[in-house]
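This is what each chain is made of:
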Amino acid sequence: MKKVILGGVLVVLVAALVMVAKIGPRNVIGMLLYDQRREGDLVVGDLAPDVVLTALDGQTQVGLASRLGGKPLVLIFGSFT
């Protein structure tokens, strides 16, 4: 029984080391420290919340809704290469 548990721990440790080697230690630490996902509050039919972005000057905050003037916006995330 102890050999099975030790083998399981060894497999998990090797998998963690492979993940760190593949992703990079800084990215793994960042994921562990800064992952703050949570279940959302929106339901079907709700308006999307306004998104505030930082402009290229690094200081100015720009609300997306104020720039669109009520027009719809579609964001597409993906790779086309």
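Residues numbered from 1 in each chain as written. Predicted model: local features only at pLDDT ≥ 70, side-chain atom pairs only at ≥ 80, totals over all residues. Heavy atoms only, no water.

K.L.:
What should I look at first to understand the overall build of the protein chain in this one?
P.N.:
Along the protein chain, the regular secondary structure elements total three helices and two strands. Expressed along its principal axes, the backbone C-alpha trace of the protein chain runs to roughly 65 × 35 × 30 Å. Burial statistics for the protein chain: of 81 residues in total, 4% are counted as buried. Looking at the protein chain as shown, the accessible area adds up to about 8200 Å², and 66% of this sits on carbon and sulfur atoms. Positive and negative side-chain charges in the protein chain, numbering 8 and 6 respectively, have mean positions lying 17 Å apart. (Helix = DSSP H or I, 4+ residues; strand = E, 2+ residues; numbered from the N terminus. Buried < 20%, exposed > 50% of the residue type's maximum accessible area, 1.4 Å probe, protein only. Areas by Shrake-Rupley, 256 points an atom, 1.4 Å probe, with all protein chains shown as cover. Lys, Arg positive; Asp, Glu negative; His and termini not counted. Charge placed at Lys NZ, Arg CZ, Asp CG, Glu CD.)

K.L.:
Looking at this structure, how should I read the layout of surface pockets?
P.N.:
Rolling a probe over the atoms, with the probe sized like a water molecule, indicates the empty space that remains. Approximately 240 Å³ is the volume attributed to the largest pocket. Residue composition of the lining of the largest pocket, grouped by class: nine nonpolar, no polar and one charged. (1 Å grid on protein atoms, 1.4 Å probe; cavity = no way out; pocket = protein on both sides within 12 Å on 5 of 7 lines; lining within 4 Å. Points joined across faces, edges and corners; volume = space filled by probe spheres on them. Nonpolar A, V, L, I, M, F, W, Y, C, P; charged D, E, K, R; others polar.)

K.L.:
For this particular structure, what's the right way to read the environment of Y34?
P.N.:
Take Y34: it is sitting in helix α2 (residues 25-34). When its relative accessible area of 62% is taken as the criterion, Y34 is described as exposed. Each C-alpha atom, one on Y34 and one on T60, is 24 Å from the other, the two residues being 26 residues apart in sequence.

K.L.:
Honestly, helix α1 (residues 2-23) in this entry has me stumped. Any pointers?
P.N.:
Each α-helix turn comprises 3.6 residues. Residues three or four places apart therefore point the same way. Here α1 spans 32 Å end to end across 22 residues, near enough to the 32 Å set by a 1.5 Å rise per residue. Sparse coverage of α1 is indicated by the burial of zero of its 22 residues. (Expected span 1.5 Å × (residues − 1).)

K.L.:
Any chance you could explain a nonpolar patch on the surface here in plain terms?
P.N.:
Taken together, L10, L13, V14, L17 and V18 make up a surface patch of nonpolar side chains, about 470 Å² in accessible area. Along the polypeptide, L10 turns up in helix α1. For L10, a relative accessible area of 52% corresponds to the exposed category. (Patch = residues over 30% accessible without salt bridge, like charges linked within 9 Å, V, L, I, M, F, W, Y side chains within 5 Å. Salt bridge = Lys/Arg side-chain N within 4 Å of Asp/Glu carboxyl O.)

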